[in-house]
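These are the residues of each chain, in order.
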Amino acid sequence: MEKARIQRLPDHIANQIAAGEVIQRPASVIKELIENAIDAGANRIDVVIKGAGKTLIKVVDNGCGMGASDADMCFERHATSKIRKADDLFSLVTKGFRGEALASIAAIAHVDMKTRLSDEETGTHLCIEGSKKVSLEETVCPSGTSFEIKNLFYNVPARRNFLKSDNVEFRHIQDEFERVALAHPDVHFSLTHNENELHNLNAGPLRKRVVDVFGKKTNDRLVPIEESTDIVQLHGFVLKPEFSRKTRGEQYFFVNNRYFKSAYFNHAIHQAFDGLLKEKTFPGYVLYLTVPTDKIDVNVHPTKTEIKFEEEKFIYSILLSSARQALGKYNITPTLDFEREVSFDLPASMRNTPATEPTIQLNPDYNPFKSTSGSSSSESQSHKNKKESYKDAIRSQGFGTQEASADDWKNFYSIGEEEEKEEQSTIPMEDEIPAADNFLVKGSYILVPSKSGFMVIHARRAIEQIVYTSIINSFISNPVDSQAMLFPVEKELSKREKTAWIENETILKQLGFEARIKDDTLQLAAVPNVWQQESIQSGIDHVFSVIAYGNIDKGDIAHGIVASIASAAAMKKLDLRTSEHVEKLIEQLFQCENHMHTPGNKKIIDTLPMEAITHKFN
Ligand code: ADP
Ligand code: MG
């Protein structure tokens, strides 16, 4: 007779094997126990460690506690109070999710648990060793739950030997502890190792928690970020670039209060710091995303630090733009001093960058005059002063001081494209300079007199940059206004274009596009309303060159699309009929953080120095 070779593993062995997935080192135990405590509603959690967790891990919480039968049950595999059906896995807001942690811990250690429901007189004291219940008795204990874990991996010597030095293991513990502490500023945490109290973190606002965890000096280094969209809410801090570290230490992402790692999102933040970091340093950040639970999948990795996001590209763009905006606000002072060398105005990231198209590597997001909320009111005040000084700066250059009427302007300058006329002959002598400050040349260039000569502004590019900046600054929280089309514009799509459109639909929608794809035809029902009829076709082509053929970074796609929108928007007929129009244009341009270059890195402003003019007459 054939001898059966297949046998079912005894439970305790199966448990040990399964435990390996959840519990890799002492730090994993701490993470699981703290997360359970948070799920139990605790607002105080004390962690006591000895011998880097190899000797003792103790986690005490003041959460809901367990009744006697739950206490007995909680160490069974797949015992959980948190899910009832498979669907629940996708809508989980709690930390644990499959009832494996306690079973795993109990399989490979000695566990001593005391727990009491707050409305019971007595609690339960339970001891388990290697999945075997040693004792279960009624006891007197505080309400909440306390776990003591000793002799971790005592029955899995291979694992125990695999553990690193105490220093390394404790570092892992500290990492886990700090991650949970950062995720829950409303909970009081303490961490004690070998009788030394390393952390005692009172509940409080997020900023305080970050400072308590990272150290006092951090307070001055934090740059707050806050954004809200339908798809994701974002808040937290980036660290000022000058405090970036040689190691990847202070990089934290949380989603729905759960720590996660993401190379992709990390890249977004790196992009935002582009050009601001010292060589070989890493930016610091603590960023909290809130996403509807059905838009993420936390279940892709057994230890749950990697998370899949349905809208990851959109989120990437939001991270990038918000971080850029925040850094712009805090690090770059707008320069409106025309006497300075023009190149001084360039942020470091833009100097010596060869022009490439469509390269969106500038930091265009800073609007120094946009009022900022709350804490930074003193800053916006100083920005306001700078705004006033824009005109003063020109006036102080020694040219006209009276206001011009619109009619004066018409006499001197060409008026729009249809009325182009040569006007060199009318350039006035200095002492008969009209009250107006600026000259519009051929409807395309604006000459702004300054003490050292003229500043020359490329009007069309200025518009491009203004549109770009205003959309970039606002599309995250406000979808771009769109205009419905009388007749949908159609475009045949290649396979690649079709995929590209579908992949980026969320971003495109946010940017004012509405379309259906029927078979292989794109039917555009609405486009951004900054476009005029005649720029729609080339605008769309430009958008496709970015989304389907651009070699720009995949997450930088929003910037690429916005750049396309802006460049098509600037194709419209320039409306610079009056001095007010020109004034307004200059003013808006200087409200852009990058008033020197377009998103495609083309020059917007140049100077015509006095010496050059004088030289011509030598
Ligand atoms: P999960 O957290 O996935 O449910 P665990 O094995 O971590 O699985 O915990 C099993 C169950 O034990 C939990 O669902 C919860 O009901 C209970 N439990 C665990 N820790 C605590 C605690 N600190 N306070 C109250 N109940 C707890
Ligand atoms: Mg759990």
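In this text, all values refer to a predicted model and were calculated from it rather than measured experimentally. (Residues numbered from 1 in each chain as written. Chains lettered and ligands numbered in written order. Predicted model: local features only at pLDDT ≥ 70, side-chain atom pairs only at ≥ 80, totals over all residues. Heavy atoms only, no water.)

Student: I'd like a description of the environment of Glu35, backed by residues and values.
Tutor: Its location among the elements puts Glu35 in helix 2 (residues 26–39). Here the alpha-carbon distance between Glu35 and Arg258, two residues 223 residues apart in the chain, equals 9.6 Å. (Helix = DSSP H or I, 4+ residues; strand = E, 2+ residues; numbered from the N terminus.)

Student: Describe in detail the pattern of salt bridges, supporting the description with residues and values.
Tutor: As enumerated under the stated definition, the model contains 16 salt bridges in all. Between Glu169 and Arg25 there is a salt bridge, with its nearest N and O atoms 3.0 Å apart. Of this pair, Glu169 sits in helix 6 (residues 166–183) while Arg25 is found in the loop between helix 1 (11–22) and helix 2, placing the two residues 144 residues apart along the sequence. Like Arg25, Glu169 is buried. (Salt bridge = Lys/Arg side-chain N within 4 Å of Asp/Glu carboxyl O. Buried < 20%, exposed > 50% of the residue type's maximum accessible area, 1.4 Å probe, protein only.)

Student: Break down the site of ligand 1 for me, with residues and values.
Tutor: The immediate surroundings of ligand 1 are formed by 19 residues, with Asn36, Thr80, Ser81, Lys82 and Gly99 found nearest. A distance of 2.9 Å separates an oxygen atom of ligand 1 from a polar atom in the backbone of Leu102. A total of 530 Å² of accessible area belongs to ligand 1 in isolation, and the protein chains cover 94% of it. Here the shell around ligand 1 is built from residues that sort into eight nonpolar, seven polar and four charged. (Near = heavy atom within 4 Å. Polar contact = N/O pair within 3.5 Å; in protein donor to acceptor, adjacent residues only side chain to side chain. Areas by Shrake-Rupley, 256 points an atom, 1.4 Å probe, with all protein chains shown as cover. Nonpolar A, V, L, I, M, F, W, Y, C, P; charged D, E, K, R; others polar.)

Student: Kindly report on the pairing of strand 10 (residues 233–239), identifying the contributing residues and their values.
Tutor: Among the seven residues in strand 10, five count as buried, and that is most of the element. Of the pairings in the sheet, the one linking strand 9 (residues 222–228) to strand 10 comprises seven bridges and is antiparallel in character. Following the sheet pairing, Val223 is matched in strand 10 by Val238. Where strand 9 folds back on strand 10, the antiparallel hairpin that results is connected by four residues. (Pairing = 2+ DSSP bridges.)

Student: Tell me about the sheet that holds strand 7 (residues 188–193), and please be specific about residues and values.
Tutor: Ordered in space as 5-4-3-6-2-1-7-8, the eight strands form an open sheet in which the pairing is mixed. Where the open sheet ends on each side, the last strands, each with one partner, are strand 5 (132–139) and strand 8 (196–201). Sheet twist, expressed as the average angle between the axes of neighbouring strands with direction ignored, equals 10°. In the packing of helix 7 (residues 206–214) onto the sheet, the strands contacted are strand 7 and strand 8, and the crossing angle to strand 8 comes to about 165°. (Axes fitted to C-alpha atoms, helices over the stretch in contact; angles between N-to-C directions. Contact = heavy atoms within 4.5 Å.)

By themselves, these figures tell us nothing about what the structure is for.
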